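Residues per chain, in single letters:
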Amino acid sequence: MKLQEIIEKLSLKALTNLEDKDVSGVFISDMLSDVMSSAQAGNIWLTVQTHKNIVSAANLIDISAVLVTYDKKVPDDTIELANRFHVIILSSPLSSFQLASKLVEAGIK
Amino acid sequence: MQEKTCSHLWEMINVQSGFIITENCFRCNKTSTYFSFEERPPLEEYRDGEHFWNIMESAQSIRFDLKCSNCDKIIQYGELAGLMMCTGCDEKCEITKLMKKLEKERTWVYVAFGFFPVTERKQISTEKISILEEYFNQRRKSSRSKIKIVSSEMIGNIATCYAELIKDVGMLSLAPPEKE
Ligand SMILES: [Zn+2]
Ligand SMILES: [Zn+2]
C-alpha cells in the first residue's frame, strides 16, 4: 500500500518531507533495539520515541515511515536529521492500538 | 553444503537483551564499557584493583549473532557494542568524507563500535563488519538505498564525535542517583 494512501485514510500529519513509498506491515515498539532486531524493511513504525536516534534506527532497517503516536512533540533536531537522511516522520493524536486498528481496517497486513 | 559455493543468507540469532554499561575511573579517567545481563548493574562506585569505577550510563541494548540459513555458518558478535549512524559532525573525519560521498547514492554510513578501552578489548574484525553490512543490506527491501558499515577506528577524533549509538537510554534503564 502507498504511504500517501495511509496518510489520507488515517489523517496523519507529516512532520518531514514526503516521498513516494510503499508500506508493508506495522511495527510497534518504543525500543530502538527492538527495531534493530525485529522490524522489517517497509514497515510503518509506531512509537512514542522522538529522540533523533529514531532516524538512525529507521534508516538501518529501511523503515517506510516513523509514526509518532499521542502527538508527542518531535524535537527540531530530530526533524532536521530525518529530512537530511530521507526518513519520513508522521504524527497522530491517537494511540498505537487505535492506529494499528485503523491500519488493519485500511488493509495493511 | 560447501562454504565456498554458498551465497550466504544471514539471519539474526541468539538475540539477548541487556544493558550497555559505561563506567569511568576517577583516578585515571579511563572509560570502560561492557555488556551486562544483570537486571541490576552496579550503581555505586566500586574498586577494582587500582581503578575506582563510577557508572556514567546504563542503556538497554541487545547482543546477537548471525547465522547463514543456507550453510548454517555462525558468526558471533560478542565484541560489538553497537552501531552509530554517521551524521557528519566533523568535517575532517574520514567517515564524514565517506558519508558525504555516499549520501548522493543514498548509501547511509554506520560505524561499528567495540567496547572500551579499545586497547584492552578485542575489537570487531573487518571481516565481521562486512558480514554485518551484508546482513543489514539483505534485510532491506528497496534497492533505492543501502548501508555501509565501517570500523570506529576510522573516526578522526572520538572526543569530538557527536553521533550516538543505537541503544535505549533512559528506557527502563537504571540511572545512578543524582548527586547533591
Ligand atoms: Zn552460507
Ligand atoms: Zn583507573
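Attention here is on the structure that accompanies the text. Starting from 1, residues in each chain are numbered consecutively following that chain's sequence as written. To read the labels, note that chains go from A and ligands from 1, taken in the order they are written. Restriction of local features to residues with pLDDT of at least 70 applies here, the model being predicted, together with a cutoff of 80 or more for giving and counting side-chain atom pairs; totals for whole chains, interfaces and linings are based on all residues. Side-chain calculation: all heavy atoms of the structure are included, whereas hydrogens and water are not.

Comments concerning the overall build of chain A
Link 1 in the chain: Each helix is a run of H or I in the DSSP string that is no shorter than four residues. Each strand is a run of E no shorter than two, and both are numbered from the N terminus. Tallying secondary structure elements over chain A gives five helices and five strands in all.
Link 2 in the chain: Listed by position from the N terminus, the elements making up chain A come as α-β-β-α-β-α-β-α-β-α.
Link 3 in the chain: Atoms counted for the radius of gyration: C-alpha only. Globule rule: 2.2 Å times residue count to the power 0.38. Against the globule reference of 13 Å for 109 residues, chain A gives a C-alpha radius of gyration of 12 Å, in line with a compact fold.
Link 4 in the chain: If one aligns the C-alpha atoms of chain A with their principal axes, the spans along those axes are about 35 × 25 × 25 Å.
Link 5 in the chain: Relative to its full complement of 109 residues, chain A shows a buried share of 58%. Accessibility here uses a 1.4 Å probe with only protein chains present; expressed as a share of the type maximum, an area under 20% marks a residue as buried, one over 50% as exposed, and anything in between as partly exposed.

Observations regarding the interface of chain B and chain A
Link 1 in the chain: Facing 30 residues of chain B, the contacting portion of chain A comprises 29 residues.
Link 2 in the chain: Think of a salt bridge as a Lys or Arg side-chain nitrogen and an Asp or Glu carboxyl oxygen that are within 4 Å of each other. Seen at the junction of chain B and chain A, the total is four salt bridges.
Link 3 in the chain: Note that Glu19(A) is salt-bridged to Arg106(B), the shortest N-O span being 3.1 Å.
Link 4 in the chain: Whenever two N or O atoms come within 3.5 Å, that pair is a polar contact, provided that in protein one can donate a hydrogen and the other can accept it, and provided that, for residues adjacent in sequence, both atoms are side-chain atoms. Joining chain B to chain A, the criterion identifies 16 residue pairs in polar contact (both at pLDDT 80 or more).
Link 5 in the chain: Among the secondary structure elements, those contributing two or more residues to the side of chain B that touches chain A are β1 (10-25), β4 (51-68), β6 (82-85), α1 (94-102), β7 (107-113) and α2 (126-139) of chain B.
Link 6 in the chain: At four residues, the largest contribution of residues to the side of chain B that touches chain A is made by β4(B).
Link 7 in the chain: Taken together, the residues of the side of chain B that touches chain A sort by class into 15 nonpolar, five polar and 10 charged. Contact definition: two residues touch when any of their heavy atoms are within 4.5 Å. Three residue categories are used. Nonpolar comprises Ala, Val, Leu, Ile, Met, Phe, Trp, Tyr, Cys and Pro, charged comprises Asp, Glu, Lys and Arg, and polar comprises the others, including Gly.

Quick notes on the side chain of Thr107(B)
Link 1 in the chain: As for its position among the elements, Thr107(B) is in strand β7.
Link 2 in the chain: If we skip the residues at most four places from it in the chain, Thr107(B) touches Leu102(B), Lys146(B), Ile147(B) and Lys148(B).

Quick word on the pattern of salt bridges
Link 1 in the chain: Counting across every chain of the model gives 15 salt bridges over all chains.
Link 2 in the chain: Among the ionic contacts, a cluster of salt bridges with common partners joins Lys2(A), Asp20(A) and Asp22(A).

Notes on the coordination of the zinc ion (ligand 2)
Residue and element names in this part refer to chain B.
Link 1 in the chain: Only nitrogen, oxygen and sulfur atoms within 2.8 Å of the metal, or 3.2 Å for Na, K and Ca, are treated as donors, and water is left out, so sites may look incomplete. Surrounding the zinc ion (ligand 2) are the protein donor atoms Cys-25 (SG), Cys-28 (SG) and His-51 (ND1), which sit 1.9 to 2.3 Å from the metal.
Link 2 in the chain: Here the donor residues of the zinc ion (ligand 2) share one chain and are spaced in sequence as C-x2-C-x22-H. Of this pair, Cys-28 sits in the loop between β1 and β2 (31-36) while His-51 sits in strand β4, and the two are 23 residues apart along the sequence.
Link 3 in the chain: Assessed through its relative accessible area of 39%, Cys-28 is described here as partly exposed.
Link 4 in the chain: His-51 sits in the buried class, given a relative accessible area of 14%.

Observations concerning the coordination of the zinc ion (ligand 1)
All names here are of chain B.
Link 1 in the chain: Looking at the zinc ion (ligand 1), one finds its protein donor set to be Cys-6 (SG), His-8 (ND1), Cys-68 (SG) and Cys-71 (SG), positioned 2.0 to 2.3 Å from the metal centre.
Link 2 in the chain: A four-donor site is classed as tetrahedral when every donor-metal-donor angle falls between 85 and 135 degrees; four donors are called square planar, and six octahedral, when trans pairs exceed 155 degrees and all remaining angles lie between 65 and 115, with any other arrangement labelled irregular. The coordination sphere of the zinc ion (ligand 1) comprises four donor atoms, whose angles at the metal cover 105 to 113°; the geometry is tetrahedral.
Link 3 in the chain: For the zinc ion (ligand 1), all donor residues lie on one chain, and their spacing in sequence is C-x1-H-x59-C-x2-C. Here Cys-6 is found in the segment before β1, whereas its partner Cys-71 is found in the loop between β4 and β5 (74-76), with 65 residues between them in sequence.

Focus on the sheet that holds strand β3 (residues 44-47) of chain A
Residues and elements named next belong to chain A.
Link 1 in the chain: Strand pairing requires that DSSP identify at least two bridges connecting the strands. Spatially, five strands are ordered β1-β5-β4-β3-β2 in an open sheet, and the strand pairing comes out mixed. Of all strands in the sheet, those with a lone pairing partner are β1 (13-14) and β2 (26-28), marking the two edges.
Link 2 in the chain: Where strand β4 (residues 65-68) meets strand β5 (residues 89-91), three bridges bridge the pair, whose relative direction is parallel. Note that in β5 the partner of Val-66 across the bridge is Ile-89.

A short note on the sheet that holds β7(B)
Strand pairs in the sheet, formed through backbone hydrogen bonds, run parallel or antiparallel to each other.
Residue and element names in this part refer to chain B.
Link 1 in the chain: Strand order in this open sheet of three strands is β6-β7-β8, and the pairing throughout is mixed. The sheet terminates laterally at β6 and β8 (146-151), the two strands that pair on one side only. Neighbouring strand axes in the sheet, compared pairwise and without regard to direction, differ in orientation by 35° on average.
Link 2 in the chain: Sheet topology note: the β7/β8 ladder contains six bridges and is parallel. Here the axes come from fitting lines to C-alpha atoms, over the contacting stretch only for helices, and the angles between their N-to-C directions go from 0 to 180 degrees.

Thoughts on the pairing of β2(B)
Residue and element names in this part refer to chain B.
Link 1 in the chain: Bridge count for β1 against β2 is six bridges, and the pairing is antiparallel. The partner of Phe-19 across the bridge, within β2, is Ser-36.
Link 2 in the chain: The antiparallel hairpin formed by β1 and β2 contains five residues in its connecting segment, where Asn-29 sits at a positive phi of about 65°.

Observations concerning the nonpolar core
For soluble globular proteins, nonpolar side chains are generally found buried alongside one another.
Link 1 in the chain: Among the nonpolar cores identified, the biggest contains 66 residues, and Trp45(A) and Phe136(B) are the most heavily contacted of them.
Link 2 in the chain: Excluding its chain neighbours within four sequence positions, the residues that come into contact with Trp45(A) are Phe27(A), Ser29(A), Leu32(A), Val35(A), Ile54(A), Ala57(A), Ala58(A), Ile63(A), Ala65(A), Val66(A) and Leu67(A). Here, nonpolar core means buried Ala, Val, Leu, Ile, Met, Phe, Trp, Tyr and Cys residues that are tied together by side-chain atoms lying within 4.5 Å of each other.

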